[in-house]
Amino acid sequence: MTTKIIIGSDHAGYHLKTKIAEYLANKGLNVYDEGTHNTDSCDYPLIAQKVAQKIANNEYEKGILICGTGIGMSIAANKIKGIRAAVVSDTCSAKMSRQHNNSNILCLGERIVGESLAKDIVDIWIDTEFLGDRHAKRIAMIE
Ligand code: RB5
């Protein structure tokens, strides 16, 4: 089954979002773009909430949120029950956030990571499975 991914950004993440969405679509993934759709200034909490809520409702399996740093998006998304949003700027953290934390939203900072690194992070994050077992117990404790 094709992974259903939802992606969103504010104005500061718009360019990287466009590139990542295109990259994933070219790989055959099913990607829905929640916006923003231009570089006009907008508020990241609104986009984070829309994306996070759709994942919490099981409309999408995973989400990617991009702002200037990834930090605001992660803080906002993690307010929604069932969301485990991880700000990632290296490939090791991308892998661990899936294996140990079962992250369901990847947050990236356009002002922090370059396009090539962001694509590597996204690939690893999408392809890495949650390990379950002792980690599942800890996720249940968070919930
Ligand atoms: C927008 O200037 C910036 O604050 C936002 O994109 C994000 O980095 C917040 O965490």
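Residues numbered from 1 in each chain as written. Predicted model: local features only at pLDDT ≥ 70, side-chain atom pairs only at ≥ 80, totals over all residues. Heavy atoms only, no water.

Caption draft 1: Fine view of the packing of aromatic side chains. If you walk through the whole model with that rule in mind, you get one aromatic pair. Their ring planes at 20° and their centres at 5.8 Å tell us that Tyr-32 and Tyr-60 sit as a pair that is stacked. Of this pair, Tyr-32 sits in strand β2 (residues 30-33) while Tyr-60 is found in the loop between α2 (44-56) and β3 (62-67), placing the two residues 28 residues apart along the sequence. Given the relative accessible area of 34%, Tyr-32 is considered partly exposed. Here the basic side chain of Lys-4 rests over the ring of Tyr-60, its NZ or CZ set 5.0 Å away from the ring centre. Over the face of the ring belonging to Trp-125 we find Lys-62, whose NZ or CZ atom lies 5.5 Å from the ring centre. (Phe/Tyr/Trp six-rings, centres within 6.5 Å; stacked < 30°, edge-to-face > 60°. Helix = DSSP H or I, 4+ residues; strand = E, 2+ residues; numbered from the N terminus. Buried < 20%, exposed > 50% of the residue type's maximum accessible area, 1.4 Å probe, protein only. Lys NZ or Arg CZ within 6 Å of the ring centre and 35° of its normal.)

Caption draft 2: Spatial organisation of unusual backbone geometry. Residue Gly-35 is joined to Thr-36 through a cis peptide bond whose omega torsion reads 0°. The topology assignment puts Thr-36 in the loop between β2 and α2. Of note in this structure, Asn-58 is not a glycine but carries a positive phi near 65°. In this fold, Asn-58 is placed in the loop between α2 and β3. Accessibility expressed as a relative area gives 69% for Asn-58, which makes it exposed. Positive phi values are uncommon outside glycine, yet Asn-102 reaches one of about 50°.

Caption draft 3: Main features of the sheet that holds strand β4 (residues 85-87). Here five strands make up an open sheet; going across it, the order is β2-β1-β3-β5-β4 and the pairing parallel. The sheet is open, and its two borders are formed by β2 and β4, each paired with just one other strand. Each strand of the sheet is rotated relative to its neighbour by a mean of 20°, with strand direction disregarded. Relative to strand β5 (residues 105-109), β3 runs parallel, the two being bridged by five bridges. Across the sheet, residue Cys-67 finds its bridge partner in β5, namely Gly-109. (Pairing = 2+ DSSP bridges. Axes fitted to C-alpha atoms, helices over the stretch in contact; angles between N-to-C directions.)

Caption draft 4: Representation of the site of the ligand within the structure. Taken together, the residues surrounding the ligand are Asp-10, His-11, Ala-12, Tyr-44, Cys-67, Gly-68, Thr-69, Gly-72 and Arg-111. In the model, an oxygen atom of the ligand is placed 2.8 Å from a nitrogen or oxygen of the Gly-68 main chain. One of the backbone nitrogen or oxygen atoms of Thr-69 is found 3.1 Å away from an oxygen atom of the ligand. Within the complex, 72% of the 290 Å² of free accessible area of the ligand lies under protein. (Near = heavy atom within 4 Å. Polar contact = N/O pair within 3.5 Å; in protein donor to acceptor, adjacent residues only side chain to side chain. Areas by Shrake-Rupley, 256 points an atom, 1.4 Å probe, with all protein chains shown as cover.)

Coordinates in, geometry out; function isn't part of it.
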